[in-house]
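Now for the letters of each chain:
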Amino acid sequence: MLFLARMDVTFPESMTAETKAEFQVKEKEYSGNLQREGRMRDIWRVVGEYANYSVYDVADNDELHTILSGFPMYPYMDIKVTPLAKHPNSIK
Ligand SMILES: O=C(O)C[C@H]1C=CC(=O)O1
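The protein appears in an unreviewed UniProt entry as Muconolactone Delta-isomerase from Citricoccus parietis. Under Pathway (unreviewed entry), UniProt gives the following word-for-word description of the protein: "Aromatic compound metabolism; beta-ketoadipate pathway; 5-oxo-4,5-dihydro-2-furylacetate from catechol: step 3/3." UniProt annotates the protein under Subunit (unreviewed entry) with the comment "Homodecamer."

Encoded structure:
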């Protein structure tokens, strides 16, 4: 099953630059592993925002929830998920 997720990240004002940098390192590793596993198909930055769109290829809702809630930045994310179905006009 394919899902599109939009993630908006908002860190608390009080969080130090060092802690943010630590989150970014952990996030990169977690995200990279998902991509190598093929469970995250793609990730794109939303221009001008601390947000991304990413596409997941997973077995079911439960697997997606496990993945999303496992992101190190999860407590600071607002996530909107859209299930995707094949478009009848797609030539792929
Ligand atoms: O930089 C971001 O968009 C936040 C975060 C969410 C997934 C990921 O790989 O990084």
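On we go from here.
Asker: Explain the site of the ligand to me, please; I cannot follow it from the model alone.
Answerer: Every residue lining the ligand is accounted for by Met-7, Val-9, Glu-27, Ser-31, Ile-43, Arg-45, Tyr-50, Asn-52, Phe-71, Met-73 and Met-77. Within the side chain of Arg-45, one N or O atom sits 2.7 Å away from an oxygen atom of the ligand. The set of elements that each furnish at least two residues to the shell around the ligand consists of strand E1 (2-9), helix H1 (17-37) and strand E2 (40-45). In terms of residue class, the shell around the ligand is made up of 7 nonpolar, 2 polar and 2 charged.

What counts as what
Residues numbered from 1 in each chain as written. Predicted model: local features only at pLDDT ≥ 70, side-chain atom pairs only at ≥ 80, totals over all residues. Heavy atoms only, no water. UniProt positions renumbered as here; feature names shortened; annotations may be inferred. Near = heavy atom within 4 Å. Polar contact = N/O pair within 3.5 Å; in protein donor to acceptor, adjacent residues only side chain to side chain. Helix = DSSP H or I, 4+ residues; strand = E, 2+ residues; numbered from the N terminus. Nonpolar A, V, L, I, M, F, W, Y, C, P; charged D, E, K, R; others polar.

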